[in-house]
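Structural description and commentary
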Amino acid sequence: MAAKKIIFANQKGGVGKTTSVVNVGAYLAQRGHKVLLIDLDSQGNMTSAVSGDSKKQGSYDVIVGKCTAEEAYQATPVKNLYAIGGNINLAGLNVELVNELAREFFLKNALKDIEDDWDFIMIDCPPSLGLVTINAMCWAEHVVIPMQCEYFAMEGLNLLMRTIANVKKQLNPHLEILGIVFTMYAIKTRLSNDVVDDISAYFSDQVFKTKIPRNVRLSEAPSHGLPINVYDGSSAGAKSYESLAEEVLQRV
């Protein structure tokens, strides 16, 4: 059976994409699913958050054909969870692809031979709507949109939704929004609750019930190269991501 193909996307940086892809992936793996995480961000934060080595062959090499996906696999501290790392080479990939034929489908072609080997393949997209993110959208079935509970985060949501709709219409009819997940949620602040209320009213069925709180342990975990279920499985952040992983399972 082919893998469920999920990307975590938002052109705004600092909204919790990397934290979300790592920890949802870790909880799915903990439940016994075979999960592959792919880092498409040149900063390589997802890679270091699972103790990966950004100097090894990674997603850039896979996309441009310098190695196969299998050659780029790295183990993580979680059983059943593997990663293909990202590094600074990805920074110029948008420009490298721009004049190529079928430039939107490099990632899809690079991953097609491994999709039956995994239960889930999940991608951490860069904070832009450039060709690298479009490649991810042309490959994926599902988009998870992490959103910080702040006013400016709302401003970019319409552009992201339009981009997803255009890709679905013109390039990938299988692309669907799996859900919007609120991150860095502060239950006692009016702004957090106003943002949640506004977006929930407009996108009601597309909003995940689970909200990810601001949590010190969640912030600390990546510096130790550990997903939250390994670093501190009893923390509020851990319980939230366990709940979100359960929702993701139900929706796919």
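Only a predicted model underlies this, so the values are computations on that prediction, with no experimental measurement involved. (Residues numbered from 1 in each chain as written. Predicted model: local features only at pLDDT ≥ 70, side-chain atom pairs only at ≥ 80, totals over all residues. Heavy atoms only, no water.)

1. Side note on the sheet that holds strand β6 (residues 142-148)
To be explicit about the condition: The pairing criterion for strands is at least two bridges between them, as found by DSSP. Counting from the N terminus, the helices are DSSP H or I runs at least four residues long and the strands are E runs at least two residues long. Helix axes are fitted only over the stretch in contact, all axes being lines through C-alpha atoms; the angle between N-to-C directions runs from 0 to 180 degrees. Residue contacts are defined here by distance: any two heavy atoms, one from each residue, within 4.5 Å place the two residues in contact.
A sheet is described by the order of its strands in space; here 7 strands give the open sequence β3-β4-β2-β5-β1-β6-β7, paired in mixed fashion. The sheet is open, and its two borders are formed by β3 (73-75) and β7 (176-183), each paired with just one other strand. Taking each pair of neighbouring strands and ignoring which way they run, the sheet shows an average axis angle of 25°. Sheet analysis places strand β2 (residues 35-39) next to strand β4 (residues 81-84), joined by 4 bridges and oriented parallel. Bridge pairing in β4 places V35 opposite L81. On the sheet, helix α13 (residues 236-251) packs against β1 (4-8), β5 (120-124) and β7 and is oriented at approximately 165° with respect to β7.

2. Regarding the side chain of N229
Quick reminder of the rule: Partly exposed residues are those whose accessible area sits between 20% and 50% of the maximum for their type, while under 20% is buried and over 50% is exposed, using a 1.4 Å probe and protein chains only. Within 3.5 Å is the distance limit for a polar contact, defined as a pair of N or O atoms, with the added protein rule that one can donate a hydrogen and the other accept it, and that residues adjacent in sequence qualify only through two side-chain atoms.
Looking at where N229 falls in the secondary structure, it is placed in helix α12 (residues 228-231). In this structure N229 comes out as buried when scored by relative accessible area, which is 13%. Polar side-chain contacts of N229 include one of 2.8 Å to the side chain of Q30. Contact partners of N229, with chain neighbours within four places excluded, come to A26, Y27, Q30 and V78.

3. Concerning the packing of helix α7 (residues 131-139) against helix α9 (residues 157-170)
Applied cut-off: Note on angle classes: values under 35 degrees are labelled roughly parallel, values over 145 roughly antiparallel, values of 65 to 115 roughly perpendicular, and the remainder oblique. Take the far helix as the reference: if the near one is turned anticlockwise from it by less than a right angle, the crossing is left-handed, and if turned clockwise, right-handed. Each residue receives one of three labels: charged for Asp, Glu, Lys and Arg, nonpolar for Ala, Val, Leu, Ile, Met, Phe, Trp, Tyr, Cys and Pro, and polar for the others, Gly being one of them.
The geometry of α7 relative to α9 is characterised by a closest axis approach of 10 Å and an angle of 55° between their N-to-C directions. Judged on the interaxial angle alone, α9 and α7 are oblique. Here α7 and α9 pass one another in a crossing that is right-handed. Two secondary-structure elements touch here, α7 through I134, M137 and C138 and α9 through L160, T163, I164 and V167. Looking at the contact of α7 with α9 residue by residue, the class counts come to 6 nonpolar, 1 polar and no charged.

4. A few points about a nonpolar patch on the surface
Applicable threshold: Think of a patch as exposed residues, more than 30% relative accessible area, with no salt bridge, where like charges cluster within 9 Å and nonpolar side chains (Val, Leu, Ile, Met, Phe, Trp, Tyr) cluster within 5 Å. Note on areas: these come from Shrake-Rupley sampling with a 1.4 Å probe, and a residue is covered only by the protein chains present in the view. The salt bridge definition used is simple: a Lys or Arg side-chain nitrogen within 4 Å of an Asp or Glu carboxyl oxygen.
On the surface, Y151, F152 and L191 cluster together to form a nonpolar patch covering roughly 350 Å² of accessible area. On the secondary structure map, Y151 appears in helix α8 (residues 151-155).

5. Some points on unusual backbone geometry
Notably, S51 is not glycine yet its phi reads approximately 60°, a positive angle. Here S51 lies in the loop between α2 (45-49) and α3 (59-64). If you check the backbone angles, A102 has positive phi at about 50° while not being a glycine. Positionally, A102 belongs in the loop between α5 (93-97) and α6 (106-111).

6. Structural notes on the nonpolar core
The criterion, for reference: Joining through side-chain atoms within 4.5 Å is the link that ties buried Ala, Val, Leu, Ile, Met, Phe, Trp, Tyr and Cys residues into a set, and such a set is a nonpolar core.
Residues I7, L111, I123, I145, I180 and I199 are the most contacted members of the largest nonpolar core, which totals 50 residues. Among the elements that make up this core, the one with the highest residue count is α7 (7 residues). Apart from the residues within four sequence positions on either side, I180 is in contact with I145, M147, L157, M161, I199, F203, Q206, V207 and F208. Residues V35, L37, M46 and L178 belong to the second largest nonpolar core, which totals 32 residues.

7. Here's the deal with the packing of aromatic side chains
Formally: Pairing of aromatic rings covers Phe, Tyr and Trp, the last counted by its six-membered ring, and requires centre-to-centre distances within 6.5 Å; plane angles under 30 degrees mean stacked, over 60 mean edge-to-face, and any other angle means tilted. Whether a charge sits over a ring depends on NZ of Lys or CZ of Arg being within 6 Å of the ring centre and within 35 degrees of the ring normal.
Per the counting criterion, the structure on display carries 3 aromatic pairs. Taken together, a centroid distance of 5.2 Å and an interplanar angle of 90° make the contact between Y73 and W118 edge-to-face. Of this pair, Y73 sits in strand β3 while W118 sits in the loop between α6 and β5, placing them 45 residues apart in sequence. W118 gets classed as buried once you look at its relative accessible area, which sits at 3%. Relative to F203, the ring of Y202 lies with its centre 4.9 Å away and its plane at 80°, an arrangement referred to as edge-to-face. By relative accessible area, which is 12% here, F203 ends up buried. Following the ring pairs from residue to residue traces out a cluster consisting of Y73, Y82 and W118. It is K34 that lies over the ring of W118; its NZ or CZ is 4.8 Å from the centre. The cationic tip of R251 hangs over the ring face of F208; the distance from NZ or CZ to the ring centre is 4.3 Å.

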